[in-house]
Amino acid sequence: MKMLKLKEFLRQHALWVGLIAVAIPLLAHLWLQYKSLSQLESTLPYQRKAYMRKYLSQVLEKVIVYYEEKAEEVLNVPSTAFNHTYPNPDYDPRTAIDFDQVGEYFTQHKFNGARMLFVGIISGREEPSYVTISFYNPQSNEFGAKVSREERSVAHAAAANWMAMIMTKSEPKSLRPTVDERDSKNRVIVKPIVDSNKHVVGVAGMFLDDQVFVKEYLSPAISELTPRWFPDEYQQAIVTVLNQEDKLVFANQQYEGKAFEVGWPFQFIYTDWFLGIRMRHMTEEEWSRRYFLINLAFSALTALVLIGGIVMALRTASRAMKLSQMKADFVSNVSHELRTPLASIRVFGEFLKLGRVKDQLKIREYGDYIETESRRLTQLINNILDFSKIESGQKTYQFEQTNVEHVVTDTLKTFEVVLEQNGFTINLEKPQQALPPVVIDQEAIAQAFINLLDNAVKYSGEAKEINVVLGQQAGFVTVAVRDYGVGIATEECEKVFEKFYRVGNVLVHDVKGSGLGLSIVKHIVEAHQGKVTVESEVGAGSTFVIHLPIDDGTMPKPAQREGKDEESTFGSELQISGQTSH
Ligand code: ADP
């Protein structure tokens, strides 16, 4: 029992239940998305900065490793060029170093990053002795280069540690080049030269050329790696090099404001310099905010489209369910409508055939009854056939220019019997002037009119009066059918024109009907480029008005308007054109 109730509830509120069933998980999903996106927003700048740091260190590594390798190679002067062992009573400064051999080596291992090279030994015949450094000019490929006092003292200072080793004859732990950058204008790399016993016999060194370093090594490395690391936004990436005084040494493009957002110090050489990067238009925080907003907007949009789609699907489903319910009601209504009059006709027909009824009045009454009931059946069957034609788009119209007054009076004549039988009085109000002509299908308009009259009779209750008013209004000829019966509630006024729709209140509960009449009226009238409206008040009655456009010569020719309905208003969409006012 409970299950049944639940099923019924779900069926009735399918749209809302479906919507809630989708909306709740969707909202939860959106919320989670929001949470994770905002978490991402706060961590993303750090990740981006870490990524940038990695990029910077890779640029530096590329250049520095190269320099280190180059220094190893260039300064690896053969130890055989150092003939002198210390202390040496036969010391001769001209033969202590084989300058030819060293010069040849330097020429063979040219490196444009070195602006000057040098070799040094401990010289002298006995203690105390001193350091002798000989400078080599790589441009002119010869020893005896001119050097400043600063350069000389820098070379001496850089070589000093290794020189001490010559004196102590100790074996160095590492033979790798070392760097002396105490004088930032004269940065020097030195390397010990060892003999076959691994004893230091001298040093070789080079002065770095800052400009060559930046222009020919650092800058190409930046140009090569930036697009690889920032494929989508490398044009935005500003990469700068600041020196020991925080002065700009290099920038890969023009910029204003801050030199960098993320920086990384140099290693091995230029250790007091700084490589930095930032994006042109946005800080990393702004960038991740934008990323967050774009993603969130995208998720929200997707959710919205999804909900929209589901609402549409559910609406269609719920309409289909409603329609199928209406169709089921229709079948039972129509069967009922057919069976009852047929039974009476058969009974009265049998009475008459057997000649049992002798009273002329009675015979007439039975005859009348049979006539009206068969008329009603014909009307019902006409409606059903029309409906089926309309539904399949096969309803055709024979338009011709007509005076609508004739159609109305002729129809009323055929309807008189029904009205009399039910004790109705009917008033026809016509305007004093003749109505302008209209282009209509007489039969169809008559049927629409009958449907309105039929309803007026069915839904009049105790009020037995019907007014038919002909008139003219804003380019239309109007045919109004007014009754003083049960009336229609405002919210129902639009729905009564829907196919199969029947008002479900107590007042009309016992009245038989198919729910097709008004939908056919609406279709017929709209096929005439007119409209049907209703004004009604519960308990006071209803006025249905057919509006037919006046033929002022601009109307399409009847032949053009004849034929199949191009666009059936009876499609699955239930359209509403009834105007209501109370
Ligand atoms: P039916 O066969 O049920 O009369 P219709 O399409 O003609 O089908 O009418 C749809 C519904 O509109 C009716 O069931 C009835 O509730 C309401 N209705 C139509 N005409 C009138 C009227 N003149 N007065 C009150 N209610 C009406």
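The structure this text deals with has already been given above.
Residues numbered from 1 in each chain as written. Predicted model: local features only at pLDDT ≥ 70, side-chain atom pairs only at ≥ 80, totals over all residues. Heavy atoms only, no water.

## Quick notes on empty space enclosed by the protein
Applying the stated criterion across every chain, the model contains two cavities of 30 Å³ or more. Computed from the structure, the largest cavity encloses a volume of approximately 510 Å³. Along its surface, the largest cavity is lined by 32 residues, and Asn455, Lys458, Tyr459, Arg502 and Leu518 are the ones closest to its centre. Breaking the lining of the largest cavity down by element, the ones donating at least two residues are α7 (360-391), α9 (442-458), β15 (476-483), α11 (517-527) and β17 (541-549). Among the elements that take part in the lining of the largest cavity, α9 stands out by supplying six residues, more than any other. When grouped by side-chain class, the residues that make up the lining of the largest cavity number 15 nonpolar, 11 polar and six charged. (1 Å grid on protein atoms, 1.4 Å probe; cavity = no way out; pocket = protein on both sides within 12 Å on 5 of 7 lines; lining within 4 Å. Points joined across faces, edges and corners; volume = space filled by probe spheres on them. Helix = DSSP H or I, 4+ residues; strand = E, 2+ residues; numbered from the N terminus. Nonpolar A, V, L, I, M, F, W, Y, C, P; charged D, E, K, R; others polar.)

## Focus on the side chain of Asp441
Mapped onto the fold, Asp441 is located in the loop between β13 (438-440) and α9. No salt bridge is formed by the buried Asp441, whose closest oppositely charged neighbour, Lys395, lies at an N-O distance of 5.8 Å. Beyond its immediate sequence surroundings of up to four residues, Asp441 is in contact with Thr396, Tyr397, Gln398, Phe399 and His528. (Buried < 20%, exposed > 50% of the residue type's maximum accessible area, 1.4 Å probe, protein only. Lys, Arg positive; Asp, Glu negative; His and termini not counted. Salt bridge = Lys/Arg side-chain N within 4 Å of Asp/Glu carboxyl O. Contact = heavy atoms within 4.5 Å.)

## Regarding unusual backbone geometry
The backbone of Tyr270 shows a phi angle near 50°, a positive value even though the residue is not glycine. Locating Tyr270 in the fold gives a position in the loop between β9 (262-265) and β10 (274-279). What makes Tyr270 buried here is its relative accessible area of 0%. At Gln529, a position not held by glycine, the phi torsion is positive, near 60°. Here Gln529 lies in the loop between α11 and β16 (531-537). Taking relative accessible area as the criterion, Gln529 reaches 44% and is therefore assigned partly exposed.

## Section: the packing of aromatic side chains
Counted under the stated rule, the structure contains 31 aromatic pairs. With a centroid separation of 5.3 Å and 75° between ring planes, the pair formed by Tyr55 and Phe230 is classed as edge-to-face. Here Phe230 lies in the loop between α5 (210-229) and β7 (237-242) and Tyr55 lies in helix α2 (residues 14-74), a separation of 175 residues in the sequence. Comparing Tyr55 with Phe230 shows no difference in burial state: the two are buried. A ring pair is formed by Phe387 and Phe500, whose centres lie 5.3 Å apart and whose planes are at 65°; its orientation type is edge-to-face. Here Phe387, found in helix α7, pairs with Phe500, found in the loop between α10 (490-493) and α11; they are 113 residues apart in sequence, far enough to count as distant. Considered together, Phe387 and Phe500 belong to a single accessibility category, that of buried residues. What links up through ring pairs into an aromatic cluster is the set Tyr66, Tyr67, Phe111, Phe213, Tyr217, Phe266, Tyr270 and Trp273. Positioned above the aromatic ring of Trp287 is the side chain of Arg48, whose terminal nitrogen or guanidinium carbon lies 3.9 Å from the ring centre. (Phe/Tyr/Trp six-rings, centres within 6.5 Å; stacked < 30°, edge-to-face > 60°. Lys NZ or Arg CZ within 6 Å of the ring centre and 35° of its normal.)

## Overview of α7
In this model α7 runs 46 Å from its N-terminal to its C-terminal C-alpha over 32 residues, within 8% of the 46 Å that 1.5 Å per residue would give. Listing the buried residues of α7 in full gives Tyr366, Ile370, Thr372, Glu373, Leu377, Gln379, Leu380, Asn383, Asp386, Phe387 and Ile390. The inward-facing, buried residues of α7 contact α6 (284-354), α8 (404-421), α9 and α11. Looking one or two residues beyond α7, the residue adopting positive phi is Gly393, at roughly 75°. (Expected span 1.5 Å × (residues − 1).)

Distances and angles like these do not, on their own, reveal function.
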